[in-house]
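Each chain, written out:
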Amino acid sequence: MRECVIIGRPNSGKTMFALNFSGYLGAKSVDVTFRTYDGLVTCRHFSLEEAKRELCGLGLHKTRSLQSMILRMTVGKTAVNFKLTDTCGVSEQIHPEENIRKGMAQTISLLRSADLILHVVDLSLISKDFVYSNCSIDHEFYHYGIFKKSYLMLGNKYDLNTAKENFSRLSTAFPKAAIIPVSALHSQGFREVKACVARNV
Ligand SMILES: Nc1nc2c(ncn2[C@@H]2O[C@H](COP(=O)(O)OP(=O)(O)O)[C@@H](O)[C@H]2O)c(=O)[nH]1
Ligand SMILES: [Mg+2]
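These notes cover the structure that comes with them. (Residues numbered from 1 in each chain as written. Chains lettered and ligands numbered in written order. Predicted model: local features only at pLDDT ≥ 70, side-chain atom pairs only at ≥ 80, totals over all residues. Heavy atoms only, no water.)

## Comments concerning the coordination of the magnesium ion (ligand 2)
In this structure, Thr 15 (OG1) and Thr 63 (OG1) serve as the protein donors to the magnesium ion (ligand 2), at separations of 2.0 to 2.1 Å. Remark: Thr 63 occurs in the loop between α2 (48–55) and β4 (66–75) and Thr 15 occurs in helix α1 (residues 14–24); sequence separation between them is 48 residues. The exposure classification of Thr 15 matches that of Thr 63, with both residues buried. (Donors = N, O, S within 2.8 Å, 3.2 Å for Na, K, Ca; no water. Helix = DSSP H or I, 4+ residues; strand = E, 2+ residues; numbered from the N terminus. Buried < 20%, exposed > 50% of the residue type's maximum accessible area, 1.4 Å probe, protein only.)

Quick look at the structure:
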């Protein structure tokens, strides 16, 4: 089964995207398989509302392990199952907590086997200076992604006021990426994301 992996900084909206995108594809509830870096696998059933309450949030690093869901989507006349995997956010700093450092390493090690990388960027944080910098973790993901080809950037939080201006900055900073503006919170832009996922699963 093909696997789409969601990556990005902590708090960019990866978990919100994973859950609302599952809902967009028709899921009313999800079975989430949690895989920690040391190999522990657990599974939990959630309604979507329950999952959003428990797994999303403003506190950094709510997601500390791989969290996968099997989803079904219709491509043409056939139904295809694929795995959508949410990950521990990665940032530049060496995190003081060992389990978060290992969670970040687990995210990075999954990239090689991913069939599609969905890179979530928080548009509200794209400042003027961002366009001229070239050494953020988002740049690292971008360079790896365009080299790998099956790569889509999601400019998230497009519902926020400053986002529209920042979206053009994001396109300037990452000229070779296909970028879709989305609001993970309000399930906006998902039709385009679905079309891209459908080409890769
Ligand atoms: N305004 C807005 N907030 C969002 C959006 N997506 C996520 N958030 C908020 O951003 C915070 C972090 O979201 P989460 O999905 O947990 O981020 P993660 O660390 O990348 O998994 C939460 O408070 C979400 O409600 C969005 O599209 N718009
Ligand atoms: Mg998360």
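Next comes the rest of the description.
## Regarding the side chain of Ser 68
Among the structural elements, Ser 68 can be located in strand β4. With a relative accessible area of 7%, Ser 68 lands in the buried category. Engagement of the side chain of Ser 68 in a polar contact is seen with the side chain of Thr 85, the distance being 2.8 Å. (Polar contact = N/O pair within 3.5 Å; in protein donor to acceptor, adjacent residues only side chain to side chain.)

## A word on the site of ligand 1
Within the structure, ligand 1 sits among 18 residues, and Asn 11, Lys 14, Thr 15, Met 16 and Asp 159 are positioned closest to it. Within the backbone of Ser 12, a nitrogen or oxygen atom sits 3.2 Å from an oxygen atom of ligand 1. Counting residues per element, the shell around ligand 1 draws most heavily on α1, which supplies 3 residues. Broken down by class, the residue content of the shell around ligand 1 amounts to 7 nonpolar, 7 polar and 4 charged. (Near = heavy atom within 4 Å. Nonpolar A, V, L, I, M, F, W, Y, C, P; charged D, E, K, R; others polar.)

## A look at the packing of α1 against α2
Running from N to C, α1 and α2 point in directions that differ by 175 degrees, and their axes come no closer than 10 Å. With respect to α2, the axis of α1 lies roughly antiparallel. Side by side, α1 and α2 meet where Thr 15, Met 16, Leu 19, Asn 20, Ser 22 and Gly 23 of the first sit next to Leu 48, Ala 51, Lys 52 and Leu 55 of the second. (Axes fitted to C-alpha atoms, helices over the stretch in contact; angles between N-to-C directions. Parallel < 35°, antiparallel > 145°, perpendicular 65-115°, else oblique. Contact = heavy atoms within 4.5 Å.)

## Focus on the packing of aromatic side chains
This model, assessed by the stated rule, comprises 10 aromatic pairs. With a centroid separation of 6.5 Å and an interplanar angle of 50 degrees, the aromatic rings of Tyr 144 and Phe 147 are classed as tilted. Note that Tyr 144 and Phe 147 are positioned in helix α5 (residues 137–148) at a spacing of 3 residues, about one turn of the helix. A network of ring pairs unites the aromatic residues Phe 17, Phe 21, Tyr 24 and Phe 190 as a single cluster. (Phe/Tyr/Trp six-rings, centres within 6.5 Å; stacked < 30°, edge-to-face > 60°.)

## Digging into the side chain of Arg 169
With respect to the secondary-structure elements, Arg 169 resides in helix α6 (residues 163–173). Leave out the neighbours within four places in its chain, and Arg 169 touches Ile 126, Ser 127, Lys 128 and Val 131.

## Focus on the pattern of salt bridges
Opposite charge on two side chains makes pairing possible when the charged atoms of those side chains draw close. By the definition in use, this model includes 10 salt bridges. In this structure, Arg 9 and Glu 92 form a salt bridge, with 2.7 Å as the shortest nitrogen-oxygen distance. With Arg 9 in the loop between β1 (3–8) and α1 and Glu 92 in the loop between β5 (78–86) and α3 (98–110), the pair connects residues that are 83 residues apart, well separated along the chain. In this structure Glu 92 comes out as partly exposed when scored by relative accessible area, which is 37%. The closest approach of N and O atoms between Arg 44 and Glu 54, which form a salt bridge, is 3.0 Å. Here Glu 54 lies in helix α2 and Arg 44 lies in strand β3 (residues 41–47), a separation of 10 residues in the sequence. Classification of Arg 44 by relative accessible area gives partly exposed; the value is 38%. Overall, the relative accessible area of 38% leaves Glu 54 in the partly exposed class. Residues joined in a network through salt bridges with shared partners are Arg 9, Glu 92 and Asp 138. (Salt bridge = Lys/Arg side-chain N within 4 Å of Asp/Glu carboxyl O.)

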